[in-house]
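Listed here are the chains, written in short residue letters.
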Amino acid sequence: MKKILVLVLMAMFAFAGAAHAETLKLLTWKGYAPQKLIDTFEKETGIKVEVTFSNNEEMIAKLRATRGAGFDLAQPSQDRISSVQEKYKIYKALDYSKIKSDLFIPSMLAAVKKNTVVKGKSYAVPFCWGTSGLIVNSDKAPEVDSWKDLLNSKYAGRVSYRLKRPILIATAFALGYDPFALYSDIPAYKAMLDKVADALIKAKPVVKNYWANGDSLLESMRSEEVFVAMAWDAGGWKLHGDNKAIDFKAPKEGALGWIDTFAIPAKAKNVDAAYKWINFIMKPENAGYFSSQEKYATASKDALKFTATSVAANFARSFPQETIDNIKWYPPVPAILERLEGKILDKVKAAN
Amino acid sequence: MKRSRLAFWIFFAPVFLWLFLLIVLPHLELLTMSFMGENDYGDTVWTLNNYMNFFNEPVYWYTFVRTAMFAILTTFITFLLAMPVSFYIAKLARTKVQGALMIMLLLPFWVSELVRIYGWMILLRESGVLNYFMLQLGIIDKPIEMLYNDASMIMGLVYTSMLFMIVPLVSVMESLDDSLIEAAHDLGAGSFAIWRTIILPHCKPGITSGSIVVFMLALGNYLTPNLMGGKNSLWFTEQIYNQFIASFNWNQGAAFGFLLLLLSSLIIWVGLKLTGQKLGEVAS
């Protein structure tokens, strides 16, 4: 009797093991994995998707803490991959033969491959892209067109931005520097950061608050507590849907362009599923659905055909050709700079 | 004898493992990490630099002093507010009402701190509920920004830690014999004298344990200063977070963590010395 019981139990465990579905653990940004696409993917492949929301800094910290375990696929920005990989070795080099490269915009794929090279191997493929620029309420602040306006006392108490590295870069451009050209010259970069810190501290009375999450910024813009903000284009377009006066505007110094990617963590368990997800989400109809839903442009070649016309209109309105040509793309960041910047950000926040 | 020792180990082992694996071990790793750093060539070496940075860089110790001062202020305000409230609950309210009042105190803690803070933000913001009513009633003619300053941050901290002061105070006050107060009354003592010579000395252990908890909670808080505080509200925990997450400098972050532990223990030790108490008495 006992033996039979043991046998039954063992059979049950074996069965449970087999029936236990494969899972894909995805570490990504909020909005990057719409529920409808997850459902379709689960139906097509039988792989369950578990999504964890994060941002660049936390993504790196999480993967570093486990030395690259716990997730099968991550979505860092392309400029934060190579230096992090060199130092902490948290990603696996990609096997590009498993990726359907004809799904991608060729120039974008090539750029990301080139920017994420470590020791001759590339670590990422592009997923979507966008820019940081200004979100402006043109009823209240019609003349805003430059990063300088974030420091402009004319809008005192009506300005908001995130106290992270993009504002340092933007202020550097406002002061007439080219921070990206100084990446390789650390003493000059440091001197520039000191000037940036002075400018930001001096302009503190202008800022209402440093926003910490996107939703709270959108709320402040919507309630017209804030007229000028530094934020991502998609946020501006979301607000434009509700209030025609508010829109995204690329500053005349050039919007800051980012590309978010797919990278596979070093100790990913389900690598196959990760490649399947990449190939799935980059299909034009899926990428188009993502674009219409979240208002981010993707690196999928034919996605525009499947993107809602109102979203395409956003793009035409905010990004005429010369604005696109003027986008300042983030080059890969050397790790030492992030440390310098961290200190400057603390200094700015602590200052009275 | 042998048997009871076995039983002791069986029950003690989970506690021990929990303490050791989840608390002692990670702390040891963080401690070694805090003494490591990179030299100019990018190699990892033993160094005291992480601790030196704290004292050499004014931003860091300034933030710590600021955080500590605000945490002490929060503790003091919480104490002032909690005293009459707990006296009412423990001595004046009827038994039935007592329970209801305690539940009312507990209720907000059923939702997360984040939700409570957002609640306050909805009330206080420039386009918020309070401003709306004040505008409607004609008390003000332009909305006032009540959020994003030190006062609103302190208020948020007091609100979140109130319960942890009231509970120990209520329990010590319940053990206070009413006849002492009555006798004092009969002998002609004023209410100030009663508070000073009877109630406060009796409540000392409760005050101390409540203050320690509230002080620690305020000092280690992250959300409230971050969300309700203004542009200048860098809190020490936020600085630790920034070192770990934004600058990828775990060594520095670990050193700050230990400094926070050391300095907060020091402040509590000084507090106990000043009031002439021992930690053992308070904990029992």
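In what follows, the structure referred to is the one given above.
Read on for a plain summary of the structure. The residue count restarts for each chain, going from 1 along the sequence in the order it is written. Lettering of chains starts at A and numbering of ligands starts at 1, both following the order in which they are written. Per-residue local features of the predicted model are confined to residues with pLDDT of at least 70, and side-chain atom pairs are confined, for both listing and counting, to 80 or more; whole-chain, interface and lining totals are unaffected and use all residues. Calculated side-chain values reflect all of the structure's heavy atoms, with hydrogen atoms and water omitted.

1. Here's the deal with the pattern of salt bridges
Close approach of charged atoms allows side chains with opposite charge to pair. Convention followed: For salt bridges, the criterion is a side-chain nitrogen of Lys or Arg within 4 Å of an Asp or Glu carboxyl oxygen. Segments assigned H or I by DSSP are reported as helices when at least four residues long, segments assigned E as strands when at least two residues long, and all are numbered from the N terminus. Whether a residue is buried, partly exposed or exposed follows from its accessible area with a 1.4 Å probe, protein chains only, as a fraction of its type maximum: under 20%, in between, or over 50%, in that order.
All chains considered together, the criterion is met by 21 salt bridges over all chains. With a shortest N-O distance of 3.4 Å, D215 of chain A and K30 of chain A are connected by a salt bridge. Here D215 of chain A, found in helix α8 (residues 214–222), pairs with K30 of chain A, found in the loop between β1 (23–28) and α2 (35–45); they are 185 residues apart in sequence, far enough to count as distant. For K30 of chain A, a relative accessible area of 56% gives the class exposed. A salt bridge links K305 of chain A to D302 of chain A; the nearest nitrogen and oxygen atoms lie 3.8 Å apart. Salt bridges sharing partners connect three or more residues here, namely R158 and K208 of chain A together with E126 and E145 of chain B.

2. Brief notes about the interface of chain B and chain A
Here is the rule: Note on contacts: a residue pair is in contact if any heavy atoms of the two residues lie within 4.5 Å. Reported buried area values correspond to the accessible surface (1.4 Å probe) lost by two parts on association, with both partners' losses combined. Each residue is assigned to one of three groups, with Ala, Val, Leu, Ile, Met, Phe, Trp, Tyr, Cys and Pro labelled nonpolar, Asp, Glu, Lys and Arg labelled charged, and all others, Gly among them, labelled polar.
Tallying the contact residues gives 29 residues for chain B and 31 residues for chain A. In total, chain B and chain A occlude about 2,900 Å² of area from one another, counting both sides; carbon and sulfur atoms represent 48% of this. Ranking the residues of chain B by area buried against chain A places K231, F248 and W250 of chain B at the top, with a combined share of 27%. Summed over the shared surface of chain B and chain A, the number is 6 salt bridges. With its nearest N and O atoms 3.5 Å apart, the salt bridge here joins E57 of chain B to K343 of chain A. Elements with a contribution of two residues or more to the side of chain B that touches chain A: α3 (58–92) and α11 (236–246) of chain B. By residue number, the principal contributor to the side of chain B that touches chain A is α11 of chain B, which donates 7 residues. Split into classes, the residues belonging to the side of chain B that touches chain A amount to 11 nonpolar, 11 polar and 7 charged.

Keep in mind these values describe shape, not function.
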